[in-house]
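Examination of the molecular architecture
Here is how the chains run, residue by residue.
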Amino acid sequence: MAWKKNLTPQSVYRRQLAIRLKELRERAGLSLADVGTRVEINQGSLSRVENGERGTTPLLVNALLNCYGVEDPAIREDILDLVRADRAQSKPWWRKYSTVLSPTRYDGYLTLEANAVSLRSYEPLLLPGLLQTPAYAEALITGMRLDLAPRQITSLVEVRLERQRERLEGERPTKLWAIIEESVLMRRIGSPEAMREQLRRLLDTEAMPHVTVQLLPAAVGAHPGLYGPFVVMGFSDPSSDLVWLENPQNSVYLEAREDVDAYADSFDHLRALALSPPETRVRIEQLIKELPK
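In this numbering scheme, every chain counts its residues from 1 along its sequence in written order. Given that the model is predicted, a residue must reach a pLDDT of at least 70 before its local features are reported, and side-chain atom pairs must reach 80 or more before they are shown or counted; all residues, however, enter totals for whole chains, interfaces and linings. Side-chain metrics rest on all non-hydrogen atoms present in the structure, leaving aside hydrogens and water.

**Topic: the overall build of the chain**
- Along the backbone of the chain there are twelve helices and six strands.
- Buried, partly exposed and exposed residues are distinguished by accessible area as a fraction of the type maximum, computed with a 1.4 Å probe on protein chains only: under 20%, between the cut-offs, and over 50%, respectively. The buried share of the chain, reckoned over its 293 residues, is 51%.
- With residues, only the protein chains shown are counted as cover, and all accessible areas are computed by Shrake-Rupley using a 1.4 Å probe. Accessible area for the chain stands at about 14,700 Å²; split by element, carbon and sulfur atoms hold 51% of it. Strands here are runs of E lasting at least two residues and helices are runs of H or I lasting at least four, both read from the DSSP assignment and numbered beginning at the N terminus.

See below:
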């Protein structure tokens, strides 16, 4: 299994740029050494650009496109747009929260999520962040992160709410499919009223056309999700999907095709075992009624 420990992975734009530049170089029949000589760039630096390990500049990319004989204005502009987008991505909205995000290994995930077109999330212990209310999020973070000061907890709640606005309510909402263990909704986080608000919020969010929620009943027994939570992140072509695995000390992402396929298969298996979306709504409504007044 290919484990990636870089907690601030390159943006999707950089990944796309790397693929395009490598394709154009190979189409021109040039080696890295050939280009290094013609453009006067270190061969190792060019290799890192093509691997998506480092960003680049419009000036260098223009020189590379000239070297590769790319004359089509539309192609050139498309590739330069990727350069600009990658550079803009280096200053995301969550940068102002960097002091609290870095210790929690959260910033790497945000970099990826900001560019994903789809998220397939499995959660056995808590609600996905994109579905949490402020009260639920605050109570959850307070209980889990004993090392954080109140102001840091407040910052993380703000990040969670901003994620929801960006990913679910923006002009290009992300397609979210969440499979949640039924026991998650029975674990009271905060007051009964906070849980009631959370369950109602879950129903409201699930009603969005780009959001699907399914509950996985405890009666299912053993299943592939018992290894732990995961998110399969889908991106626009030519970028490939990724899997994000989070734990308190060393969150990682997987990009090897066999790893992504294995988790995608597990998600499909869990989706087949879970209650259907209509059945899920009925069960959530029942849990709301069962909460104490």
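Additional details are given in the paragraphs that follow.
**Some remarks on the packing of aromatic side chains**
- In summary, the pairing rule links any two rings of Phe, Tyr or Trp, Trp by its six-membered ring, whose centres are within 6.5 Å, and it sorts them by plane angle into stacked for under 30 degrees, edge-to-face for over 60 and tilted for everything else. Counted according to the given criterion, the structure contains two aromatic pairs.
- Ring-pair connections join several aromatic residues into one group, and the members of that group are Tyr122, Phe230 and Tyr263.
- Counted as over-ring charges are cases with an Arg CZ or a Lys NZ within 6 Å of the ring centre that also lie within 35 degrees of the ring normal. Lying across the ring of Trp177, Arg271 places its NZ or CZ 4.7 Å from the centre.

**Remarks on the pairing of strand β1 (residues 118–123)**
- With six of its six residues buried, β1 lies for the most part within the structure.
- Neither face of β1 is exposed, since Ser118, Arg120 and Tyr122 on one face and Leu119, Ser121 and Glu123 on the opposite face are all buried.
- Whether two strands pair comes down to DSSP finding at least two bridges between them. Bridge count for β1 against strand β2 (residues 175–181) is six bridges, and the pairing is parallel. Across the sheet, the residue bridging to Glu123 is Ile180, located in β2.
- Note: β1 against strand β4 (residues 230–234), five bridges, orientation antiparallel. Pairing of Leu119 across the sheet is with Met233, part of β4.

**Some words on the sheet that holds strand β3 (residues 211–216)**
- The strand order β3-β2-β1-β4-β5-β6 describes an open sheet built from six strands, whose pairing is mixed. Pairing within the sheet leaves two strands with one partner each, and these edge strands are β3 and β6 (252–254). When the angles between neighbouring strand axes are averaged without regard to direction, this sheet yields 15°.
- Contact definition: two residues touch when any of their heavy atoms are within 4.5 Å. Fitted lines through C-alpha atoms serve as axes, helices being fitted only where they are in contact, and the angles separating the N-to-C directions of these axes extend from 0 to 180 degrees. Against the sheet, helix α11 (residues 257–273) engages β1, β2, β3, β4, β5 (242–245) and β6, with an angle of about 110° to β4.

**Some points on the side chain of Gln198**
- One can find Gln198 in helix α10 (residues 192–206).
- Setting aside residues no more than four positions away along its own chain, Gln198 makes contact with Leu127, Leu131, Gln132, Thr133 and Tyr136.

**Regarding the packing of α10 against helix α12 (residues 277–290)**
- One can describe the packing of α10 onto α12 by two numbers: an axis separation of 10 Å at closest approach and a directional angle of 160°. Between α10 and α12, the angle falls in the class roughly antiparallel. Like other packed secondary-structure pairs, α10 and α12 cross with a definite hand, here left-handed. Each of Arg196, Leu199, Arg200, Leu202, Leu203 and Glu206 in α10 lies in contact with α12, whose residues at this interface are Pro277, Arg281, Ile284, Glu285, Leu287 and Ile288. Roughly parallel means an angle under 35 degrees; roughly antiparallel, over 145; roughly perpendicular, 65 to 115; everything else is oblique. Here is the rule for handedness: rotate from the far helix to the near one, and if that takes an anticlockwise turn smaller than a right angle the crossing is left-handed, while a clockwise turn gives right-handed.

**Regarding helix α4 (residues 58–67)**
- Along α4, the positions that sit buried rather than exposed are Leu60, Val61, Leu64, Leu65 and Cys67. The buried residues of α4 occupy an angular sector of 155° when projected down its axis, which confines them to one face. Pointing more than 90 degrees away from the buried face of α4 are the exposed residues Leu59 and Asn66. The arc in question is the one spanned by the directions pointing from the helix axis to the C-beta atoms.

**Topic: unusual backbone geometry**
- The phi angle at Glu40 is positive, at roughly 60°, despite the residue not being glycine.
- Residue placement: Glu40 occurs in the loop between α2 (32–39) and α3 (43–50).
- We classify Glu40 as exposed; its relative accessible area is 75%.

**Quick look at the pairing of β3**
- Of all the six residues making up β3, six are buried; the element is thus mostly covered by neighbouring parts of the structure.
- In this sheet, β3 lies alongside β2 in parallel orientation, the contact comprising six bridges. Counterpart to Trp177 in the pairing with β3 is Thr212.
- Crossover handedness for the path β2 to α10 to β3: right-handed. Crossovers are described as right-handed under a simple rule: with the strands pointing away from the observer, the path leading from the first strand over the helix to the second runs clockwise.

**Some remarks on the pattern of salt bridges**
- By salt bridge we mean one thing: a side-chain nitrogen of Lys or Arg within 4 Å of a carboxyl oxygen of Asp or Glu. All told, the structure shown has 14 salt bridges when counted by the stated rule.
- Of the charged contacts in the structure, one is a salt bridge between Glu77 and Arg84, with a shortest N-O distance of 3.0 Å.
- Residue Arg281 pairs with Glu206 through a salt bridge whose shortest N-O separation is 2.9 Å. Of this pair, Arg281 sits in helix α12 while Glu206 sits in helix α10, placing them 75 residues apart in sequence.
- Residues joined in a network through salt bridges with shared partners are Glu77, Asp81 and Arg84.

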